[in-house]
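Descriptive analysis of the structure
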Amino acid sequence: MAIIIPKKEIIIFDFNDFCKKFNLKTKKNAGENGTDEELIIEELKNIKSEKWMVHFTNNKYDGYFTLFLIE
């Protein structure tokens, strides 16, 4: 069994929260340009020096994303 221990974990609630935490300025909006998950993954792919894993957690009140820095 493989175990991945992340170097860093960040919890975010949507694409806007992601942009704030990563200091990104973008004109993209979730719902118009894609889903929150699609836009987050697209932006993370632009960070060439780091590898991130995205996990969506859906609970009975709302959902949120946990980002794991793995490299």
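Going by the structure above, here's the rest.
The rules behind these values
Residues numbered from 1 in each chain as written. Predicted model: local features only at pLDDT ≥ 70, side-chain atom pairs only at ≥ 80, totals over all residues. Heavy atoms only, no water. Helix = DSSP H or I, 4+ residues; strand = E, 2+ residues; numbered from the N terminus. Buried < 20%, exposed > 50% of the residue type's maximum accessible area, 1.4 Å probe, protein only. Contact = heavy atoms within 4.5 Å. Lys, Arg positive; Asp, Glu negative; His and termini not counted. Charge placed at Lys NZ, Arg CZ, Asp CG, Glu CD. Pairing = 2+ DSSP bridges. Axes fitted to C-alpha atoms, helices over the stretch in contact; angles between N-to-C directions. Salt bridge = Lys/Arg side-chain N within 4 Å of Asp/Glu carboxyl O.

Counting its secondary structure elements, the protein chain contains two helices and three strands. The secondary structure elements of the protein chain, listed N-terminal to C-terminal, are β-α-α-β-β. Taking the principal axes of its C-alpha atoms as reference, the protein chain extends roughly 40 × 35 × 20 Å. Counting over 71 residues, the protein chain shows a buried share of 27%. Contacts in the protein chain between residues at least 24 apart in sequence constitute 42% of all its contacts with a sequence separation of at least 6. Averaging the locations of the 11 positively and 12 negatively charged side chains of the protein chain gives two centres separated by 5 Å.

Time to look at the sheet that holds strand S3 (residues 63-69). Spatially, S1-S3-S2 is the arrangement adopted by the three strands of the open sheet, whose pairing is antiparallel. In the strand order of this sheet, the two ends are held by strand S1 (8-12) and strand S2 (52-58), each with one partner. Averaged over neighbouring strand pairs, the angle between their axes works out to 20° when direction is ignored. Taken together, the five bridges between S1 and S3 define a ladder with antiparallel strand orientation. Each residue of the ladder has a partner; that of Lys8, found in S3, is Leu69. Docked against the sheet, helix H2 (residues 36-45) engages S1, S2 and S3, running at close to 15° with respect to S3.

Attention shifts here to the pattern of salt bridges. The full count for this structure, using the stated rule, is three salt bridges. Of the charged contacts in the structure, one is a salt bridge between Asp17 and Lys21, with a shortest N-O distance of 3.6 Å. With Asp17 and Lys21 both in helix H1 (residues 15-21) and four residues apart, the pair spans about one turn of that helix. Across the salt bridge formed by Glu42 and Lys28, the nearest N and O atoms sit 2.1 Å from each other. A residue pair is termed long-range when its members are at least 10 positions apart, and Glu42 in helix H2 and Lys28 in the loop between H1 and H2 qualify at 14 residues. Judged by relative accessible area, Lys28 falls into the partly exposed class, the value being 26%. Residues joined in a network through salt bridges with shared partners are Lys28, Glu42 and Glu43.

Worth remembering: the numbers are spatial, not functional.
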